[in-house]
Amino acid sequence: MTFVNNHDGTCMVGGTNTGSNQYNGVGTFFALEAGWYSMEATTVDGDYSDTTVGVTDNTKYACEYGRYNSRSWLPANTYNAVVRRGLSSDGGEVTIRPVLVKLADGPNPESGELLVNGGFESGDLTGWTQTAGNDSNVVGAADADWIAPHSGDWMLRSSQGGRAASFDQTVKVPTGVPLRLTLWSAHYNSERTLAVEVGPDVQHLTRILFTSGDGLNWHESMVDIPAQEADVMLLRIITDNVVRVDDVSLTQTIL
Ligand SMILES: [Ca+2]
């Protein structure tokens, strides 16, 4: 890892104004080249918790320490460092010093996984938003002995009422490089279908996968996704009936 910016300012968090949604910009905007970055944070006095430190280009936040997406692909741009939310553990003032570390120009040097909770191992729909249907569940072996996720302890079982359902996740993706989606599904019979659509937003989704699976058996689907122009991609999983889904993975294709 290359240390590229120990920001020249500090974020003051604390005092009587602790609690929620502070937006304390520090320093001046600085230029970054495109790449994968990790946000870390240190404190020089006091202690803090439940604190989110990130960078912003004045339109959106990214690479936020204290959240799941502390590792982000940042396009070339100018950024500022901010504290989005800060809680001082002892009620006093805390100085937080954000540190942005550049990881790599190319593929995510860590897991490479772009999705959050693609294996549903949080035990719930964390990272996903159900946008159609109802009564869907993330179920695990603890719920019933016969439940067998493809891997881990949990899986998605969609459309409990036998209705169509959809699940969305908005993903930060590297631009200009192809991606690969893989997922496992089990459809109970040969009729039930699963589709995946992707696009820059909900108005511009393109269907990239449609499968009826392999009945009761777990079935792997794999599809290559052309390079995206936008650095945010909406991924939607659609089922027309009760389908089991697990190990959804989106990665950058290694060129
Ligand atoms: Ca799983």
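This text goes with the structure placed above it.
Now for a description of the structure that goes with this document. (Residues numbered from 1 in each chain as written. Predicted model: local features only at pLDDT ≥ 70, side-chain atom pairs only at ≥ 80, totals over all residues. Heavy atoms only, no water.)

1. Considering the coordination of the calcium ion
Donor atoms from the polypeptide that bind the calcium ion are Gly 119 (O), Glu 121 (OE), Ser 151 (O), Trp 154 (O), Asp 246 (OD) and Asp 246 (OD), placed at 2.3 to 2.7 Å. Coordination geometry of the calcium ion: the 6 donor atoms subtend angles of 50 to 164° at the metal centre, consistent with an arrangement described as irregular. For the calcium ion, the single-chain donor residues occur in sequence as G-x1-E-x29-S-x2-W-x91-D. A residue pair is termed long-range when its members are at least 10 positions apart, and Gly 119 in the loop between strand E9 (94-104) and strand E10 (129-132) and Trp 154 in strand E12 (residues 154-157) qualify at 35 residues. (Donors = N, O, S within 2.8 Å, 3.2 Å for Na, K, Ca; no water. Tetrahedral: all angles 85-135°; square planar, octahedral: opposite > 155°, others 65-115°. Helix = DSSP H or I, 4+ residues; strand = E, 2+ residues; numbered from the N terminus.)

2. Some words on the sheet that holds E10
Taken together, the 5 strands give an open sheet; going across it, the order is E10-E13-E18-E15-E16, and neighbouring strands pair in antiparallel fashion. The strands lining the two open edges of the sheet, one partner per strand, are E10 and strand E16 (206-211). Strand-to-strand twist of the sheet, defined as the mean angle between neighbouring strand axes without regard to direction, takes the value 25°. As paired strands, E10 and strand E13 (residues 165-172) are joined by 3 bridges and run antiparallel to one another. (Pairing = 2+ DSSP bridges. Axes fitted to C-alpha atoms, helices over the stretch in contact; angles between N-to-C directions.)

3. Looking at the side chain of His 187
Positionally, His 187 belongs in the loop between strand E14 (179-186) and strand E15 (194-199). We classify His 187 as buried; its relative accessible area is 0%. Reaching out from His 187, the side chain makes a polar contact with the side chain of Ser 185 at a distance of 2.8 Å. Not counting residues within four places of it along the chain, the set of residues in contact with His 187 comprises Arg 192, Thr 193, Leu 194, Thr 211, Ser 212, Gly 213, Gly 215, Val 242 and Val 243. (Buried < 20%, exposed > 50% of the residue type's maximum accessible area, 1.4 Å probe, protein only. Polar contact = N/O pair within 3.5 Å; in protein donor to acceptor, adjacent residues only side chain to side chain. Contact = heavy atoms within 4.5 Å.)

4. Let's talk about the sheet that holds E14
One open sheet holds the 5 strands; their spatial order is E11-E12-E19-E14-E17, and the pairing between them is antiparallel. Each of the sheet's edge strands pairs with one partner strand only, and the pair in question is strand E11 (137-140) and strand E17 (219-225). On average, each strand axis in the sheet is tilted by 35° relative to the strand beside it, whichever way the strands run. The sheet contact formed by E12 and strand E19 (residues 244-252) spans 2 bridges and is antiparallel. Bridged to Leu 156 within E19 is Val 245.

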